[in-house]
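Structural overview for review
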Amino acid sequence: MSHRVFFLVALVLLGFSPNPAKATQAYSESLMDCAVLFNTSNRINPERADHGKGLALSRIAEALEKAAHDQAVNEGQDAPEGYLSQLKASKISHWDSKGMTYVFSDEFRDWMTYCRKFADHLGIDFKNLP
């Protein structure tokens, strides 16, 4: 699938309008959203982050953060580490402000669908992470 078609499908899944008058976020920002969202349950229960499903979610989040870094570089960010550090803090604040029950919402499910498809498009295989 071409990048343009994938991007339009992603926008539709997230409810964005392809109207040029409305700004859309950079891929690096979307990837950081995904990284933060995949690590939501570990932020709620930090003790689970080092084993089982928590560890798997941490590894997914790390892979998505690396992809966000690579994308930020491709987007021409002058200081990708600083940009991503600030962006990550902002995304954690944004998503965590929705409360613990957010993970049961339709919006969360839509984001997870988008994130899995975006990761698949980038060749990130969640099942075979180190």
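In case you missed it, the structure is sitting above this.
Residues numbered from 1 in each chain as written. Predicted model: local features only at pLDDT ≥ 70, side-chain atom pairs only at ≥ 80, totals over all residues. Heavy atoms only, no water.

**Considering the overall build of the chain**
Scanning the chain for helices and strands turns up six helices and zero strands. Tracing the chain from N to C terminus, the helices and strands come up as α-α-α-α-α-α. Taking all 130 residues of the chain together, 33% fall into the buried category. Taking contacts inside the chain between residues at least 6 apart in sequence as the whole, the part at least 24 apart equals 67%. When the accessible surface of the chain is split by element, carbon and sulfur atoms take 55% of a total near 7,800 Å². (Helix = DSSP H or I, 4+ residues; strand = E, 2+ residues; numbered from the N terminus. Buried < 20%, exposed > 50% of the residue type's maximum accessible area, 1.4 Å probe, protein only. Contact = heavy atoms within 4.5 Å. Areas by Shrake-Rupley, 256 points an atom, 1.4 Å probe, with all protein chains shown as cover.)

**Considerations on the pattern of salt bridges**
Scanning the entire structure with this criterion turns up seven salt bridges. In this structure, the salt-bridge partner of Lys 88 is Glu 65, at a minimum N-O distance of 2.9 Å. Placement of Lys 88 in helix α5 (residues 80–96) and of Glu 65 in helix α4 (residues 52–74) is noted, with a sequence separation of 23 residues between them. The exposure class of Glu 65 is partly exposed, given its relative accessible area of 25%. One continuous salt-bridge network, built from bridges that share partners, spans Glu 29, Asp 33 and Lys 91. (Salt bridge = Lys/Arg side-chain N within 4 Å of Asp/Glu carboxyl O.)

**Digging into the packing of helix α2 (residues 27–38) against α5**
Put simply, α2 and α5 touch, their axes get as near as 9 Å, and they point 50° apart. The angle between α2 and α5 falls in the class oblique. Regarding α2 and α5, the two cross each other, and that crossing is right-handed. Between α2 and α5, the contacting residues are Ser 28, Glu 29, Met 32, Asp 33, Val 36 and Leu 37 on the first element and Tyr 83, Leu 84, Leu 87, Lys 88, Lys 91, Ile 92 and Trp 95 on the second. Considered class by class, the residues forming the contact of α2 with α5 number eight nonpolar, one polar and four charged. (Axes fitted to C-alpha atoms, helices over the stretch in contact; angles between N-to-C directions. Parallel < 35°, antiparallel > 145°, perpendicular 65-115°, else oblique. Left-handed = near helix turned anticlockwise from the far one by under 90°. Nonpolar A, V, L, I, M, F, W, Y, C, P; charged D, E, K, R; others polar.)

**Describing the nonpolar core**
Grouped together as the largest cluster of nonpolar side chains are 27 residues, with contacts concentrated most on Met 32, Leu 37, Phe 38, Leu 64, Leu 84, Trp 111 and Cys 115. Residue assignment for this core shows that the elements contributing at least two residues are α2, α4, α5 and α6 (106–122). Apart from the residues lying within four places of it in its own chain, the contact partners of Met 32 are Glu 65, Ala 68, Leu 84, Leu 87, Lys 88 and Lys 91. (Core = buried A, V, L, I, M, F, W, Y, C linked by side-chain atoms within 4.5 Å.)

Geometry only, nothing functional implied.
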